[in-house]
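For reference, the chains in residue letters:
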Amino acid sequence: MGVAHRIARKQREISVAEFFEKNKQILGFDSLTKALVVSVKEAVDNSLDACEEAEILPDIYVEIQNISKDEYRIIVEDNGPGIIRRNIPLVFGKLLYGSRFHAIRQSRGQQGIGISAVVLYGQLTTGKPARIISKIKEEEVAYELLLTIDTKKNEPRVIKEIPKIWDREQGTRIEINIRARYVRGKQSVYEYLQQTAIVNPHAQITFVEPDGKKTIFKRATDKLPPPPREIKPHPHGIELGELLNMARNTKTYRLTSFLTTEFSRVSPKIAEEICKKAYLYGEMRPQELSIDEAKRLLEAFQKVKLMAPPTDCLSPIGDNLIKKGLKNVLGSLRPSFYAQPITRAPKVYNGNPFVVEVGLVYGGELPKDQPVKILRFANRVPLLYQQGACVTTKAISNVDWRRYGLEQRGGQGIPVGPAIILIHVASTRIPFTSEAKEAIADVPEIREEIELALKSLGRQLRLYNVKKERKSKMTEKFFLVNKLLPEIARKSAEIVEKPIPPLEPVISKIMNVVWIDEKVEKEENKIKVNVRVANFTPKHHKFVLYGDYPLGNLVDTDGIAEEDYVKWDVDIKPISYKHFYFVLEDADKYGETNYYVEDISPNIVIGAEPLPGDWNIKLSEIEEIVEEEEMDEDIEEEFEVIDDE
Amino acid sequence: MSSEESLKKLYQIAEDIYEDLVRGEIPKMKLAARNRSNIVFDSRYGVWKYGDSKITRSAKKLDGAYMLLRTLYVMEFIKEMIRDKKSSTLREMYYISEGWGLAKFHTQDESNKLAEDLEVITGYLREDFKLRPEEDGASVIGNITVEEINRKGKPMRINCRDDVGDSGYLIPYNVEKDKLKFVDVDADFVIGIETGGMFDRLVENGFDEKARAILVHIKGQPARSTRRLLKRMNEELGLPVVIFTDGDPWSFRIFASVAYGAIKTAHISEYLTTPTAEFVGITTSDILNYDLPTDKLNDRDIAALQSELKDPRFQTPFWTEEIKLMLKIKKKAEQQSLAKYGLDYVTDTYLPEKLTELGVMS
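Residues numbered from 1 in each chain as written. Chains lettered and ligands numbered in written order. Predicted model: local features only at pLDDT ≥ 70, side-chain atom pairs only at ≥ 80, totals over all residues. Heavy atoms only, no water.

**Focus on the pattern of salt bridges**
Tallied over the full model, the rule gives 59 salt bridges over all chains. For Glu288 of chain A, the salt bridge identified is with Arg285 of chain A, shortest N-O distance 3.9 Å. Judged by relative accessible area, which is 55%, Glu288 of chain A ranks as exposed. Taking relative accessible area as the criterion, Arg285 of chain A reaches 35% and is therefore assigned partly exposed. In this structure, the salt-bridge partner of Arg161 of chain B is Asp162 of chain B, at a minimum N-O distance of 3.0 Å. The partly exposed category is assigned to Arg161 of chain B, whose relative accessible area is 30%. In this structure, a network of salt bridges that share partners links the residues Glu77, Arg131, Glu144, Lys164, Arg168, Arg173 and Glu175 of chain A. (Salt bridge = Lys/Arg side-chain N within 4 Å of Asp/Glu carboxyl O. Buried < 20%, exposed > 50% of the residue type's maximum accessible area, 1.4 Å probe, protein only.)

Written out as structure tokens, the structure is:
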């Protein structure tokens with residue numbers, strides 16, 4: 001027997017356990033606290049994927065029990081489709097087993113090491129088997145299995161199997177004991193579940209901590225995300241191992257048909273061209289491809305022009321659902337501003353489609369003197385570790401946040417201020433920095449997309465601050481024209497012994513705005529909203545006012561009732577008021593109505609936004625106006641602190 | 001200056017505000033900017049006064065609107081005082097404003113500033129408006145006889161050496177001729193002293209008689225009445241005025257406000273300033289020449305010196321050199337550090353030397 005053969009036999013005998021022990025870091029089990037988070041993450045990711053695949057709204061129960069000093073029991077139960085009896089041992093008891101081995105699509109699973117690694121970790125650290133209960137709809141009974149992994153053969157070993165009655169229609173429950181440590185706060189199970197809830201607003205997650213404290217992250221929407229579609233790999237995104245694997249397993253007989261059927265964007269003509277450039281015979285059997293030939297094929301892939309891969313296979317969360325998720329989970333911090341999240345159009349890096357989404361909340365009870373909190377996600381999975389190495393962090397650092405109203409030393413680095421930034425990258429293949437899959441690599445295409453998205457959030461933030469300041473200035477001016485000015489007029493008239501002059505022209509000069517506000521009256525089960533428009537300008541205005549109310553049915557208005565908003569044609573003389581109203585029914589609580597205006601310069605309107613659609617144009621106009629206003633500020637006397645007398 | 005005339009000027013402000021409103025204009029007041037960059041040398045009086053740069057207090061802004069409203073209330077208050085032949089201290093006016101509703105002052109600084117604003121706008125003194133500061137207790141010792149009209153309206157003669165105790169003759173807030181007349185004087189010069197300790201030392205050592213001097217305790221940054229009195233003694237009695245202070249940046253400013261004019265009161269510099277006044281010391285050179293005990297300059301001192309280098313009033317070779325030297329040695333000294341050489345050293349050696357140098361003593 002040759003040396004190579006002897007080594008090969010040895011290689012086969014290296015146990016899975018040994019491999020695991022040596023690669024704990026890579027697998028994410030390098031510390032006791034992290035082991036707990038990673039274990040919960042594997043189980044929850046599986047549950048979410050399974051539910052989505054079966055198009056079920058996920059309802060997930062997570063419990064952590066403290067067994068002894070360093071031993072914890074993790075319980076994760078879902079309402080997913082369940083696993084057929086035959087497959088239970090494979091899913092939980094065989095490393096690297098999965099249903100989607102070659103599937104190219106956006107999934108959580110691609111970033112895990114698999115739940116079986118958790119089973120193994122538990123077995124190695126506590127010596128206890130995992131307990132699995134699963135039931136599918138079609139069967140009467142559930143199966144409860146106690147199982148361990150045969151570390152020599154990488155095979156599941158079922159210790160006990162009990163068919164049992166379970167009060168669930170379907171679902172899976174796992175209980176695994178592991179050596180771990182429970183913490184709260186940063187990089188904890190709680191944080192992981194909270195962030196999971198933000199980006200999975202269709203899921204309900206219940207969490208019971210070791211001390212019995214129960215938190216329910218409620219479902220924010222009943223809409224399931226569209227299931228991500230599988231696509232064939234794009235030649236530009238393939239690696240050698242994968243290519244060989246695909247070639248070995250293909251059912252095609254010729255290299256050219258292998259290329260056209262197993263890859264996206266490869267036509268027969270292009271397949272011919274690839275073979276030619278790789279110096280390969282198009283009629284050859286793909287199963288016989290040698291490593292050398294595969295390498296030539298890869299090179300040839302890069303030499304041909306190909307259409308970018310289809311991008312409609314991605315399933316972004318969507319701007320509205322991100323906002324809902326943020327509101328739902330962070331509502332208790334009462335942020336004063338939720339920016340409209342940005343979902344960018346899909347782009348491609350190295351033949352892999354990806355899409356970037358970002359969100360931002362600001363103000364309220366968020367701490368003002370700390371670096372902004374960053375919530376990172378890859379395919380709807382929170383990334384809690386390695387923040388510094390992540391492309392999301394780099395993109396945030398590259399943006400000059402000072403111009404948008406956050407503090408940032410030197411215009412780079414993580415800004416400081418009362419804000420939370422959410423970044424989600426969805427892709428058929430997330431380029432992680434390492435096998436632990438904790439940070440996204442600095443791919444220029446991805447970074448650029450994130451930066452662009454962040455900048456448009458930044459512009460919203462600046463606009464919000466500008467408006468807030470403007471509003472508070474206007475409140476001051478209201479006081480000025482309603483209280484101080486009449487007093488000045490009265491007193492000066494008294495001193496010069498003349499009648500009090502009319503103040504309208506002066507008021508219009510000081511204010512020069514059209515002011516819109518509302519007063520809400522409750523009448524039994526109805527809500528009457530009185531809308532006041534005040535023209536504090538010297539000009540006559542004609543414009544359209546829209547009231548976009550959030551809840552309830554419109555039963556009465558003096559405006560024009562449209563499907564889900566009210567519309568008024570406003571015709572208002574200088575220094576005068578107009579009053580409008582609308583009445584809502586079945587609205588037990590009244591949210592805020594958003595007002596929009598059309599056919600009037602939004603710069604002179606306070607209390608209403610320009611009708612969306614021409615949003616961006618107006619944005620810049622408003623900023624200019626504000627700068628002008630700063631310019632005519634009086635040059636106040638500078639009083640030297642240190643002066644005579 | 002009659003009260004009626006000053007009242008007319010004030011009335012004009014109310015009229016302007018009213019007229020603005022009638023014309024549909026935002027009411028406003030214009031007044032000279034009161035900062036270091038707006039003082040210019042007036043060669044007619046030899047003093048520093050405000051330049052042409054103006055600021056506008058407009059009802060467009062909250063602060064401006066408050067200011068206008070308060071002005072109207074103050075005006076009415078002054079009118080009543082003139083009618084009732086009363087006067088009030090600035091502090092009293094601050095308390096009286098409690099009843100003015102929106103026009104109420106929130107700090108006394110606000111009311112003091114408004115009183116100065118009215119002076120700047122009308123060109124009258126706050127005394128004309130029956131507003132006066134609290135007495136600050138600056139005092140005089142020396143062979144000068146004055147006649148002061150007392151509360152009962154009767155003239156009272158006081159010799160500031162023989163008719164007073166150790167604390168001297170207290171300077172009243174009004175030192176104009178209708179209140180205070182000079183009757184007789186037998187002295188060669190007037191010396192203004194910054195600190196109480198040094199004033200007492202000179203009194204105890206009999207410096208007023210020995211050097212034929214009138215000692216004036218100016219109490220730090222001198223009040224208007226003290227500066228006005230120095231100026232009257234200088235102009236009417238022909239006595240040279242010298243100023244004796246600590247050797248630090250703040251004392252340089254005391255001298256500047258006596259001799260050149262103060263930034264806050266530059267609108268009335270010609271009433272208050274004694275352009276011929278001379279600085280005795282402590283100069284930076286004195287610190288070195290007399291080898292005086294010193295303190296280190298702190299950050300505020302250094303900032304003050306640097307600010308003085310940019311102050312137009314200090315743009316003379318003497319001051320530039322003194323200030324730069326102090327910045328270089330980074331040290332300051334008190335008047336009383338002269339006691340290093342004994343209690344009599346200041347009256348027997350230091351002052352005679354310095355005053356002879358200035359040509360005031362011979």
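**Structural notes on the confidence of the model for chain A**
Per-residue confidence for chain A gives a mean pLDDT of 83, with 87% of residues at or over 70. When the elements of chain A are averaged for pLDDT, helix H16 (residues 615-631) of chain A gives the smallest value, 36, and strand S2 (residues 71-78) of chain A the largest, 96. (pLDDT = per-residue confidence, 0-100. Helix = DSSP H or I, 4+ residues; strand = E, 2+ residues; numbered from the N terminus.)

**Considerations on the sheet that holds strand S20 (residues 560-561) of chain A**
Taken together, the five strands give an open sheet; going across it, the order is S20-S21-S18-S23-S25 (chain A), and neighbouring strands pair in mixed fashion. The sheet is open, and its two edges are formed by S20 and strand S25 (609-610) of chain A, each paired on a single side. (Pairing = 2+ DSSP bridges.)

**A closer look at the interface of chain A and chain B**
Taken together, the contact pairs 38 residues of chain A with 50 residues of chain B. Between chain A and chain B, a total of about 4,000 Å² is buried, with carbon and sulfur atoms accounting for 60% of that surface. Inspection of the region where chain A meets chain B yields three salt bridges. One salt bridge in this structure joins Lys509 of chain A and Glu25 of chain B, with 3.9 Å as the shortest N-O distance. On inspection of chain A and its partner chain B, the count reaches five residue pairs in polar contact (both at pLDDT 80 or more). Put simply, the parts of the chain that give the side of chain A that touches chain B at least two residues each are helix H14 (444-496) and helix H15 (504-511) of chain A. (Contact = heavy atoms within 4.5 Å. Buried area = accessible area lost by both parts, 1.4 Å probe. Polar contact = N/O pair within 3.5 Å; in protein donor to acceptor, adjacent residues only side chain to side chain.)

**Overview of the confidence of the model for chain B**
In the predicted model, chain B carries a mean pLDDT of 89, and 99% of its residues have values of at least 70. Complex prediction metrics read pTM 0.62 and ipTM 0.72.

**Brief notes about the nonpolar core**
Phe189, Phe207, Phe244, Tyr350 and Leu351 of chain B are the most contacted members of the largest nonpolar core, which has 76 residues in total. Apart from residues no more than four positions distant in its own chain, Tyr350 of chain B is found in contact with Phe244, Val280, Gly281, Ile282, Asp286, Tyr290, Leu338 and Tyr345 of chain B. Core analysis: the next-biggest nonpolar cluster, separate from the first, contains 62 residues, Tyr72, Ile88, Ile132 and Val361 of chain A among them. (Core = buried A, V, L, I, M, F, W, Y, C linked by side-chain atoms within 4.5 Å.)

**Observations regarding the sheet that holds strand S10 (residues 169-170) of chain B**
All names here are of chain B. Taken together, the six strands give an open sheet; going across it, the order is S10-S7-S13-S12-S14-S15, and neighbouring strands pair in mixed fashion. At either end of the open sheet lies a strand with only one pairing partner, and these are S10 and strand S15 (278-281). Two strands pair when backbone bridges link them, and strand S7 (residues 139-141) and strand S13 (residues 213-217) are joined in this way by three bridges, in the antiparallel orientation. Bridge pairing in S13 links Ile141 to Leu215. Sheet strands touched by helix H5 (residues 196-204): S7, strand S12 (189-193), S13 and strand S14 (241-244). Its angle to S13, the strand with the most contacts, is close to 155°. Against the sheet, helix H13 (residues 345-358) engages S12, S14 and S15, with an angle of about 145° to S15. (Axes fitted to C-alpha atoms, helices over the stretch in contact; angles between N-to-C directions.)

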